Amino acid sequence: DYTLGALDTIYVDSGVYDHSLYGGSVVLSGDPNIGAGQGVTITGPVGNGHVAQINVPASVPGFDLNAANLVTLQHLKIVGGTQGVLLHNVSTGFNGAYLTISGASQEGVRIETTSTGAKLSHLDVSGSGREGLIALGAIDSITDSSGRV
């Protein structure tokens, strides 16, 4: 276990990461009763042919941002889960870029009403059981993204 905070960056190397072996969801929060990681950046590899694939158990979101502000996720492939990314309980200022999300049983990305200010770019969402992206809260931008059923 590590305590993560603002300005910390986690670099995820190429490979397949099975989160059912590691407890399921990655929970990030600014509330110490829930977890840690507010303000953290998690980034996968950027080179051609290099992919960090996160396999998520069917019963949990891949990344659960619960009262987590200013989190950045980029260059990741997220497969399975209820959602690839879930923002709730006033998780504001999220940046998601170059995310490939597939096979979520509900939404690829779900942004709850109180989670505002998200900036999304280069999303590729496919095979979700419901919407690829649902934003119930105000988002700042979405650019260069696609979705497929």
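Caption draft 1: The overall build of the chain, seen in detail. Counting secondary structure elements, the chain contains 0 helices and 15 strands. By the compact-globule yardstick of 15 Å for 149 residues, the chain fits well, its C-alpha radius of gyration being 14 Å. Taken over the C-alpha atoms alone, the chain extends approximately 35 × 30 × 30 Å along its principal axes. The buried share of the chain, reckoned over its 149 residues, is 44%. Pairs at least 24 apart in sequence give 56% of the contacts found in the chain among residues at least 6 apart. For the chain, the computed accessible surface area is about 7,300 Å², with 51% contributed by carbon and sulfur atoms. In the chain, 5 side chains carry a positive charge and 12 a negative one; their mean positions are 9 Å apart.

Caption draft 2: Here's a closer look at the pattern of salt bridges. Throughout the structure, instances matching the rule amount to 3 salt bridges. Of the charged contacts, one joins Arg 110 and Glu 107 as a salt bridge, the two residues approaching to 3.0 Å between their closest N and O atoms. Under the relative-accessibility criterion, Arg 110 is labelled buried at 18%. Arg 110 is the partner of Glu 112 in a salt bridge, and the nearest nitrogen-oxygen pair spans 2.5 Å.

Caption draft 3: Looking closely at the sheet that holds strand S3 (residues 26–29). Spatial ordering of the open sheet is given by S4-S3-S7-S9-S11-S13, a layout of 6 strands whose pairing is parallel. Here the strands that pair on one side only, and so sit at the sheet edges, are strand S4 (36–37) and strand S13 (133–135). Note: strand S9 (residues 85–88) against strand S11 (residues 109–111), 3 bridges, orientation parallel. The partner of Val 85 across the bridge, within S11, is Val 109.

Caption draft 4: Inspection of the nonpolar core at higher detail. Membership of the largest hydrophobic core comes to 25 residues, with the highest contact counts inside it found for Phe 63, Leu 65, Leu 73, Leu 76, Val 85 and Phe 94. Contributions of two or more residues to this core are made by strand S6 (52–56), strand S7 (63–66), strand S8 (72–80), S9, strand S10 (95–102), S11 and strand S12 (118–126).

Caption draft 5: Up close: the side chain of Asp 64. Structurally, the position occupied by Asp 64 is in strand S7. The contacts of Asp 64, once residues within four sequence positions are left out, are Ser 25, Val 26, Val 27, Leu 28, Leu 86 and His 88.

Caption draft 6: Region of the structure containing the environment of Ser 25. Relative to the helices and strands, Ser 25 is located in the loop between strand S2 (15–18) and S3. The residues touching Ser 25, leaving out its near neighbours within four places in the chain, are Val 60, Pro 61, Gly 62, Phe 63 and Asp 64. A distance of 2.5 Å separates the side chain of Ser 25 from the backbone oxygen of Pro 61, its partner in a polar contact.

Caption draft 7: Focus on the pairing of S6. Burial runs high along S6: 4 of the 5 residues are buried. As paired elements, S2 and S6 share 4 bridges and run parallel to each other. Residue pairing across strands places Tyr 17 opposite Ile 54, the latter belonging to S6. Summarising the sheet, S6 and S8 pair through 4 bridges and their orientation is parallel. Among the inter-strand pairings, Gln 53 is bridged to a residue of S8, identified as Lys 77.

Caption draft 8: Here's a closer look at unusual backbone geometry. One non-glycine residue, Ala 67, adopts positive backbone phi at about 60°. Relative to the helices and strands, Ala 67 is located in the loop between S7 and S8. A positive phi angle, near 60°, is found at His 75, a position not held by glycine. Here His 75 shows up in strand S8.

Parameters at a glance
- Every chain is numbered independently, its residues counted from 1 as its sequence is written.
- Totals for whole chains, interfaces and linings use all residues, but because this is a predicted model, local features are given only for residues with pLDDT of at least 70 and pairs of side-chain atoms are given and counted only at 80 or more.
- Side-chain descriptors were evaluated using all non-hydrogen atoms of the structure, hydrogens and water having been removed beforehand.
- Helix and strand assignments follow DSSP, with helices taken as H or I runs no shorter than four residues and strands as E runs no shorter than two, numbered in order from the N terminus.
- Note on method: radius of gyration uses C-alpha positions; expected globular size equals 2.2 Å times residues raised to 0.38.
- Any residue under 20% of the maximum accessible area for its type is buried, any over 50% is exposed, and the rest in between are partly exposed; the area is computed with a 1.4 Å probe on protein chains only.
- Contacts are residue-level and defined by heavy atoms, with any inter-residue pair within 4.5 Å sufficient.
- Per-residue accessibility takes into account occlusion by the displayed protein chains alone, with areas from the Shrake-Rupley method and a 1.4 Å probe.
- For this count, His and the chain ends are skipped, Lys and Arg are scored as positive, and Asp and Glu as negative.
- In plain terms, the charge of a residue is placed at NZ if it is Lys, CZ if Arg, CG if Asp and CD if Glu.
- Any carboxyl oxygen of Asp or Glu within 4 Å of a side-chain nitrogen of Lys or Arg constitutes a salt bridge here.
- When DSSP finds at least two bridges between two strands, those strands are taken to pair.
- Among the buried residues, those of types Ala, Val, Leu, Ile, Met, Phe, Trp, Tyr and Cys that are joined through side-chain atoms within 4.5 Å form a nonpolar core.
- Here a polar contact is taken to be a pair of N or O atoms separated by no more than 3.5 Å, where protein atoms must pair a possible hydrogen donor with a possible acceptor and residues adjacent in sequence count only if both atoms sit in side chains.

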